[in-house]
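# Structure assessment
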Amino acid sequence: MRTRGGRRLTVMDNTPTTEIPAPIGLLAGKVAFITGAGRGIGAAAARLFAREGARVLLAARTQAQLKEVAEDIGAAGGTAAYVRCDLADPASVRAAVDRAVELYGRLDIAFNNAATGVTPGPLDRIEQAEFDHVYEVNLRGPWLAMAAEVAAIRATAKTGAIVNNSSVGSLMGNPELPAYGAMKRAVNSLTESAAVTYGPEGIRVNAIAPGTTLTEMIRDWEANTPGVIDRSNAVTPLRRPADPDEIAQAAAWLLSDRASYVTGTVLSVDGGARA
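What you are looking at is a predicted structure, and each value in this text was computed from that prediction instead of being measured.

### Some thoughts on the sheet that holds strand β6 (residues 109–112)
The sheet built from seven strands is open, its strands ordered β5-β4-β3-β6-β7-β8-β9 with parallel pairing. Where the open sheet ends on each side, the last strands, each with one partner, are β5 (79–84) and β9 (266–269). Averaged over all neighbouring strand pairs, the angle between strand axes comes to 20°, with direction disregarded. Alignment of strand β7 (residues 160–165) against strand β8 (residues 203–210), held across six bridges, turns out to be parallel. In the sheet register, alanine 161 faces β8, and the bridge partner there is arginine 204. Strand contacts of helix α2 (residues 63–75): β4 (55–60) and β5, with the helix running at about 175° to β5, the strand carrying the most contacts.

Have a look at this one:
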């Protein structure tokens, strides 16, 4: 500080200091609910959302997997809890969403990621029991979850966001996985309808459509049908499959306030496969 003409002046300089503001996470302050969080894309999303500042509730059928992911998050300094949830059981789905509010007092965002795999093959070889199970988990499950999530967001946070995990296989004919593709295409429709319905309340609803991703599901398919991953890579401009974290990153952005004017979209995260 110095004086000029009897006035005190504050002299500023650009000398760097050692104090650097702490980074603000993409999902800081939010409570997140994630289905299928025990492995694959769901587990990657759980870890990512927690790193980005969210308090997360993990839901899946396998308690041991959930416990491991939650402990990893806690060890890294995040906040996570878990609840067993079977998307084929309506009461289980509603109870899992309610648990998020019981634990954290609110719900801001949800990632409906869980799905069941199917045996590859043409539609005339699908057993009715398998078709019904795919419907219960991959379509009815997300519908039940969305309804419960909207109610929880509306009652607590008032505004929020939901992302459904679809598939690039929902955007075209899917002769090897016809039932899976059909349910995921229906999820896209539910997503768009929900976006129109709840947008006026400030609740955004989007979906992501991943391409080939190195999850347990695709590895099982590769084991049963060798060469599946190589064939997929050959028609993917990036010439490789996605890591689960890359898919989770897209979901995190859509759930964040940085995507505040994005709703009703199905975002392809496919390495350019549908370009």
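### With respect to the packing of helix α4 (residues 128–155) against helix α5 (residues 178–198)
At a minimum axis distance of 9 Å, the contact between α4 and α5 shows a crossing angle of 15°. Between α4 and α5, the angle falls in the class roughly parallel. Once α4 is placed against α5, the crossing between them reads as right-handed. For the pair α4 and α5, contact is made by Phe131, Val134, Tyr135, Asn138, Leu139, Pro142, Trp143, Met146, Val150 and Arg154 and by Ala179, Tyr180, Met183, Ala186, Val187, Leu190, Ala194 and Tyr198, respectively. Looking at side-chain class alone, the contact of α4 with α5 contains 16 nonpolar, one polar and one charged residues.

### Re unusual backbone geometry
Positive phi values are uncommon outside glycine, yet lysine 158 reaches one of about 75°. Here the phi dihedral of arginine 239 falls at roughly 60°; this positive angle occurs in a residue that is not glycine. Here arginine 239 is to be found in the loop between α7 (228–234) and α8 (244–255). According to the relative accessible area criterion, arginine 239 is exposed, its value standing at 54%.

### So, the nonpolar core
Phe49, Val56, Leu58, Phe111 and Ile208 are the most contacted members of the largest nonpolar core, which totals 36 residues. Elements that contribute at least two residues to this core include exactly β3 (31–35), α1 (40–51), β4, α2, β6, β7 and α8. Once residues lying within four places of it in the same chain are set aside, the contact partners of leucine 58 are Ile34, Ala37, Ala46, Leu66, Val69, Ala70, Ile73, Ala81, Tyr82 and Val83. Counting residues in each nonpolar core, the second largest holds 30 residues, with Val83, Tyr104, Val137 and Ala145 among its members.

Rules and cut-offs
Residues numbered from 1 in each chain as written. Predicted model: local features only at pLDDT ≥ 70, side-chain atom pairs only at ≥ 80, totals over all residues. Heavy atoms only, no water. Pairing = 2+ DSSP bridges. Helix = DSSP H or I, 4+ residues; strand = E, 2+ residues; numbered from the N terminus. Axes fitted to C-alpha atoms, helices over the stretch in contact; angles between N-to-C directions. Contact = heavy atoms within 4.5 Å. Parallel < 35°, antiparallel > 145°, perpendicular 65-115°, else oblique. Left-handed = near helix turned anticlockwise from the far one by under 90°. Nonpolar A, V, L, I, M, F, W, Y, C, P; charged D, E, K, R; others polar. Buried < 20%, exposed > 50% of the residue type's maximum accessible area, 1.4 Å probe, protein only. Core = buried A, V, L, I, M, F, W, Y, C linked by side-chain atoms within 4.5 Å.

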